[in-house]
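Chain by chain, the residues:
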Amino acid sequence: MHDNSQPNIQALTVAVLGATGKLGGKYAQAALDAGHSLRALARNVSELDIADHPSVTPVQGDAAVPDDVAELVAGADVVVSCVGNPSKSLHIMEATANNVLAAAARQPTPPRCIFISSIGVGGTSWFIGALLRMIGRDAAGFADYEAADLRIRSEPNVPALAVRPYALTDKPGTGRYKTTTKSPVHFARSIARADVAAFLLDVTTDPRWDSTSGVQVTGA
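Attention here is on the structure that accompanies the text. (Residues numbered from 1 in each chain as written. Predicted model: local features only at pLDDT ≥ 70, side-chain atom pairs only at ≥ 80, totals over all residues. Heavy atoms only, no water.)

Side note on the overall build of the protein chain
Stated precisely, the cut-off is as follows: Strands here are runs of E lasting at least two residues and helices are runs of H or I lasting at least four, both read from the DSSP assignment and numbered beginning at the N terminus. Values of the radius of gyration come from C-alpha atoms, whereas the globule rule sets the reference at 2.2 Å times the count of residues to the power 0.38. Only protein chains enter the accessibility calculation, which uses a 1.4 Å probe; a residue whose area is less than 20% of its type maximum is buried, one above 50% is exposed, and one in between is partly exposed. We call two residues in contact whenever any of their non-hydrogen atoms come within 4.5 Å of each other. Surface accessibility follows the Shrake-Rupley procedure with a 1.4 Å probe radius. Residue values consider only the protein chains on display as shielding. Note that His is not counted, nor are the chain ends; the positive residues are Lys and Arg, and the negative ones are Asp and Glu. A charge is said to be at NZ when it belongs to Lys, at CZ for Arg, at CG for Asp and at CD for Glu.
Regarding its fold elements, the protein chain presents 6 helices and 11 strands. Over its C-alpha atoms the protein chain spans a radius of gyration of 16 Å, differing by no more than 12% from the 17 Å that the globule rule assigns to 220 residues. For the C-alpha atoms alone, the extent of the protein chain along its principal axes is close to 45 × 35 × 35 Å. Classification of the 220 residues of the protein chain by burial places 48% in the buried group. Sequence-distant contacts in the protein chain: of pairs separated by 6 or more residues, those separated by 24 or more amount to 70%. Surface summary for the protein chain: the accessible area is close to 10,100 Å², and the carbon and sulfur share equals 50%. In the protein chain, the 19 positive side-chain charges and the 21 negative ones have mean positions that sit 9 Å from each other.

Right under this line is the structure:
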């Protein structure tokens, strides 16, 4: 179990995808509060709550468009993707992973790349995978998550990490969470988005999980 507390850390330039979403917005604010500078991708910059922050460079674009992602990633120390499929008819997880990792690999020093995935993919739990299909995650969408997760954990040239939270909620954060690289995980506590954001902030500066099979994050 981790009790989240931030020591003095080096300020980084972080490229963020999905900052207009619930989880991405919490992570972006936490990263700014920690002193990092952000390059934030958004299809509509007016929806980016942090766009006017002096440490934010908004980048208008789409995670599914390679050139947009390349512009975002250029010069970043770390890339954090909080992208999720926006609908049952639009699946962008694999495309986002491909675009981010390809852009990162072209940098003189490839940035570390951190991606939100999901417990239930990557062999982490057949039970949760089946449950996700039952409660409404369409088969094609789930397959897209699987393909993205495989792409991330198979990346040979860029330090990459798949972060798989369990049962996200909008409850207030506790500042605590549990992590494991072991599988399967069948039963666990739900976790607040604020606590997942805290874990993402932790791994922004801590490479201990990089290039593993991925890390599962649950409530404490």
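Brief notes about the nonpolar core
Spelled out, the test is: Buried residues of nine kinds, namely Ala, Val, Leu, Ile, Met, Phe, Trp, Tyr and Cys, make up a nonpolar core once their side-chain atoms join them within 4.5 Å.
Grouped together as the largest cluster of nonpolar side chains are 34 residues, with contacts concentrated most on Y27, L38, V80, I114, V163, F199 and L200. It is helix α6 (residues 193-205) that contributes the most residues to this core, 7 residues altogether. Residues contacting F199, with those up to four places away along its chain left out, are V163, Y177, T179, W209, V215 and V217. Judged by nonpolar contacts, the second largest core, of 28 residues, contains L41, V69, I92 and I152.

Focus: the packing of aromatic side chains
Here is the rule: Here a pair means two rings of Phe, Tyr or Trp (six-membered ring of Trp) with centres within 6.5 Å. Their orientation is stacked below 30 degrees between planes, edge-to-face above 60, and tilted elsewhere.
For the structure on display, the rule yields 2 aromatic pairs. On the basis of an interplanar angle of 80° and a centroid distance of 5.4 Å, the ring pair of Y177 and F199 is categorised as edge-to-face. Here Y177, found in strand β9 (residues 176-180), pairs with F199, found in helix α6; they are 22 residues apart in sequence, far enough to count as distant. Each member of the pair, Y177 as well as F199, is classed as buried.

Description of the pairing of strand β7 (residues 160-165)
In plain terms, the rule: Whether two strands pair comes down to DSSP finding at least two bridges between them.
With 6 of 6 residues buried, β7 is to be regarded as a mostly interior element. Note: β7 against strand β11 (residues 215-218), 3 bridges, orientation parallel. Bridge pairing in β11 links P165 to V217.

Examining the environment of A220
Within the secondary structure layout, A220 lies in the segment after β11. Owing to a relative accessible area of 19%, A220 belongs among the buried residues under this scheme. Sequence separation between A220 and Y27 is 193 residues, and the spatial gap between their C-alpha atoms is 19 Å.

With respect to helix α5 (residues 139-153)
Here is the rule: The span one expects for a helix is its residue count, reduced by one, times 1.5 Å. Summarising the geometry, the arc corresponds to the directions from the helix axis toward the C-beta atoms.
With 15 residues, α5 extends 21 Å from end C-alpha to end C-alpha; this agrees with the ideal 21 Å at 1.5 Å per step. Residues of α5 that are buried include every one of G141, F142, D144, Y145, A148, D149 and I152, and no others. Buried residues along α5 cover an arc of 155° about the axis, so they all sit on one side.

Comments concerning the packing of helix α3 (residues 93-105) against α5
Put simply, the rule reads: Helix axes are fitted only over the stretch in contact, all axes being lines through C-alpha atoms; the angle between N-to-C directions runs from 0 to 180 degrees. Oblique is the label for any angle not covered by the other classes, which are roughly parallel (under 35 degrees), roughly antiparallel (over 145) and roughly perpendicular (65 to 115). Note that Gly is not counted as nonpolar here; it falls among the polar residues with everything else outside the nonpolar set of Ala, Val, Leu, Ile, Met, Phe, Trp, Tyr, Cys and Pro and the charged set of Asp, Glu, Lys and Arg.
Where α3 meets α5, the axes come as close as 7 Å, and the angle between the chain directions of the two elements is 20°. On the basis of the axis angle, α3 is roughly parallel to α5. Contacts from M93, E94, A97, N98 and L101 of α3 reach α5 at D144, Y145, A147, A148, R151 and I152. For the contact of α3 with α5, a count of residues per class yields 7 nonpolar, 1 polar and 3 charged.

A look at the environment of A64
Relative to the assigned elements, A64 resides in the loop between β4 (56-60) and α2 (66-73). Classification of A64 by relative accessible area gives partly exposed; the value is 32%. Placed 110 residues apart in sequence, A64 and T174 show a C-alpha to C-alpha distance of 34 Å. Setting aside its immediate chain neighbours within four residues, A64 contacts I92 and N99.

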